[in-house]
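Coordinate inspection notes
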Amino acid sequence: MSDIAERVKKIVIEHLGVEEAKVTENASFIDDLGADSLDTVELVMAFEEEFGCEIPDDAAEKILTVKDAIDFIKANSAA
Amino acid sequence: MFDLTGRSALVTGASGGIGAAIARALHAQGAKVALSGTKVEALEALAAELGDRAFVTPANLSDTAATEGLIKSAEAAMGQVDILVNNAGLTRDGLAMRMKDEDWQLVLDVNLTAGFRLSRAVLRGMMKRRWGRIIGITSIVGVTGNPGQANYAASKAGMIGMSKALAAEVASRNITVNCVAPGFIATAMTDVLPDEQKGKLTAAVPAGRLGDPKDIAAGVVYLASEQAGYVTGQTLHINGGMAMI
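Parameters and conventions
- Residues numbered from 1 in each chain as written.
- Chains lettered and ligands numbered in written order.
- Predicted model: local features only at pLDDT ≥ 70, side-chain atom pairs only at ≥ 80, totals over all residues.
- Heavy atoms only, no water.
- UniProt positions renumbered as here; feature names shortened; annotations may be inferred.
- Axes fitted to C-alpha atoms, helices over the stretch in contact; angles between N-to-C directions.
- Helix = DSSP H or I, 4+ residues; strand = E, 2+ residues; numbered from the N terminus.
- Left-handed = near helix turned anticlockwise from the far one by under 90°.
- Contact = heavy atoms within 4.5 Å.
- Nonpolar A, V, L, I, M, F, W, Y, C, P; charged D, E, K, R; others polar.
- Core = buried A, V, L, I, M, F, W, Y, C linked by side-chain atoms within 4.5 Å.
- Buried < 20%, exposed > 50% of the residue type's maximum accessible area, 1.4 Å probe, protein only.
- 1 Å grid on protein atoms, 1.4 Å probe; cavity = no way out; pocket = protein on both sides within 12 Å on 5 of 7 lines; lining within 4 Å.
- Points joined across faces, edges and corners; volume = space filled by probe spheres on them.
- Buried area = accessible area lost by both parts, 1.4 Å probe.
- Salt bridge = Lys/Arg side-chain N within 4 Å of Asp/Glu carboxyl O.
- Parallel < 35°, antiparallel > 145°, perpendicular 65-115°, else oblique.
- pLDDT = per-residue confidence, 0-100.

Where an unreviewed UniProt entry is consulted, chain B appears under the name 3-oxoacyl-[acyl-carrier-protein] reductase, with the organism given as Skermanella aerolata. Looking at chain B in UniProt, the text filed under Sequence similarities (unreviewed entry) is "Belongs to the short-chain dehydrogenases/reductases (SDR) family." Recorded under Function (unreviewed entry), the UniProt text for chain B is reproduced unchanged: "Catalyzes the NADPH-dependent reduction of beta-ketoacyl-ACP substrates to beta-hydroxyacyl-ACP products, the first reductive step in the elongation cycle of fatty acid biosynthesis."

Labelled according to an unreviewed UniProt entry, chain A appears under the name Acyl carrier protein, originating from Skermanella aerolata. Under the UniProt heading Sequence similarities (unreviewed entry), the entry covering chain A gives this text: "Belongs to the acyl carrier protein (ACP) family."

1. Remarks on the packing of helix α3 (residues 64-78) of chain B against helix α4 (residues 101-129) of chain B
When two helices pack together, their arrangement is given by the angle between their axes and by how far apart the axes lie. Residues and elements named next belong to chain B. For the pair α3 and α4, interaxial distance at closest approach is 9 Å and the crossing angle is 35 degrees. The handedness of the crossing between α3 and α4 is right-handed. Contact residues: Thr64, Thr67, Glu68, Leu70 and Ile71 in α3; Ala114, Arg117, Leu118, Arg120, Ala121 and Val122 in α4. Partitioned by chemical class, the residues of the contact of α3 with α4 number 6 nonpolar, 2 polar and 3 charged.

2. Comments concerning the nonpolar core
Residues and elements named next belong to chain B. Counting 38 residues, the largest nonpolar core has Leu10, Leu61, Val81, Leu84, Val122 and Ile134 as its most contacted members. For this core, the element with the highest residue contribution is α4, accounting for 10 residues. Ignoring sequence-local partners within four residues, the contact set of valine 122 consists of Ile71, Val81, Leu84 and Ile134. Val11, Ala21, Leu35 and Ile238 belong to the second-largest nonpolar core, a separate cluster that totals 33 residues.

3. Some points on the layout of surface pockets
Of the volumes computed, that of the largest pocket is approximately 1200 Å³. Looking at the largest pocket, it is lined by 49 residues, and the ones nearest its centre are B:Gly89, B:Leu90, B:Thr91, B:Tyr152 and B:Met189. Every element with two or more residues in the lining of the largest pocket is listed here: α1 (17-28), α5 (141-144), α6 (150-170), α7 (188-191) and α8 (195-203) of chain B. Of the residues belonging to the lining of the largest pocket, the class tally is 20 nonpolar, 25 polar and 4 charged. Reported here for the second largest pocket is a volume of approximately 680 Å³. Looking at the lining of the second largest pocket, the elements with two or more residues in it are α2 (37-51) of chain A together with α3, α4 and α6 of chain B. When residues of the lining of the second largest pocket are assigned to their parent elements, the largest contribution, 8 residues, is made by α4(B). Residues that form the lining of the second largest pocket fall into these classes: 12 nonpolar, no polar and 9 charged.

4. Remarks on the interface of chain B and chain A
On the chain A side, the residues contacting the 8 residues of chain B number 7 residues. Each partner contributes to the roughly 620 Å² buried at the junction of chain B and chain A, and carbon and sulfur atoms together form 42% of this total. In terms of surface lost to chain A, no three residues of chain B exceed B:Arg124, B:Met127 and B:Arg173, which account for 71% of the buried area on that side. At the junction of chain B and chain A, the tally comes to 5 salt bridges. The closest approach of N and O atoms between A:Glu42 and B:Arg173, which form a salt bridge, is 3.5 Å.

5. What about the packing of α4(B) against α6(B)?
Residues and elements named next belong to chain B. Contact pair α4 / α6: the axes reach a minimum separation of 8 Å and the direction vectors enclose 15 degrees. By the criterion of interaxial angle, the relationship of α4 to α6 is roughly parallel. In the packing of α4 onto α6, the handedness of the crossing is right-handed. Two secondary-structure elements touch here, α4 through Asp103, Trp104, Val107, Leu108, Asn111, Leu112, Gly115, Phe116, Ser119, Leu123 and Met127 and α6 through Ala150, Asn151, Tyr152, Ala154, Ser155, Lys156, Gly158, Met159, Met162, Leu166 and Val170. Its residues placed into classes, the contact of α4 with α6 shows 14 nonpolar, 6 polar and 2 charged.

6. Details of the confidence of the model for chain B
Looking at chain B as a whole, its pLDDT mean stands at 96, while 100% of the residues score no less than 70. Across the predicted assembly, pTM comes out at 0.92 and ipTM at 0.79.

7. With respect to the side chain of A:Glu42
Mapped onto the elements, A:Glu42 comes out in helix α2. Contact partners of A:Glu42, with chain neighbours within four places excluded, come to A:His15, B:Met127, B:Lys128, B:Arg130 and B:Arg173.

Set out below in structure tokens:
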């Protein structure tokens, strides 16, 4: 399970170009990591690609923090 | 100026008069070009004429699966798509009162919906690379209207609105989305018009002549270039002064 968390964090670090230390589980993509709305769409698409799952729009809207993403993927991922 | 060396362009409708001219012009500026269309022989002849850096990627854009597959085949051929020229288009003219649903739908599907699907598919890579150019070939009639072309005019006006929305969405990623709106250009599409109508149309062009496909291609090259990076959400009218908007 921690593997999923690591992979999620890696995507966030690479995509947003932020320091690893900032990417805590409670970090908000927009408020803490400087993402804009396009970034959040790109992140969701990157998660879908990495974990082979589909994240519907209504679920994507609720993914606001690193932890939200990890929890959703843990619950829905086939990987 | 306008050097496109190292860029990869996909041109739909490349077997048509305007599409072929666009492909030639982008290629002449150094770009790799993927030529799409339904007339495979014409595409292969054009690729042979261009030589290196030209690839044939046929697709029937009235077919959803083929449209989705086109970006994949263009990326397989060129590595990526930096410049997408949504040029493919067709007409099914008729007065609205007599226009069949199929004729409305086919024109909207090919001229507008396929362009949206292709744009959506290339945006992913463009966003990642932080560079992209999407250029829609619309038409003067999308702005002025034209009797007998309710479907075509709607598709071309739709392309302008879509381009503005996309432009606003992706401008922060160094991706521009623009349209070129040809006026009356000498191509197979306008050849079929009766001489009387052609005469009338030419008389309405202050430049006093029909446009040449090269006139359109030059506008596309500009919008595809590095130098046009601050131009987005615009429609460049190339029509000899026929409509000044």
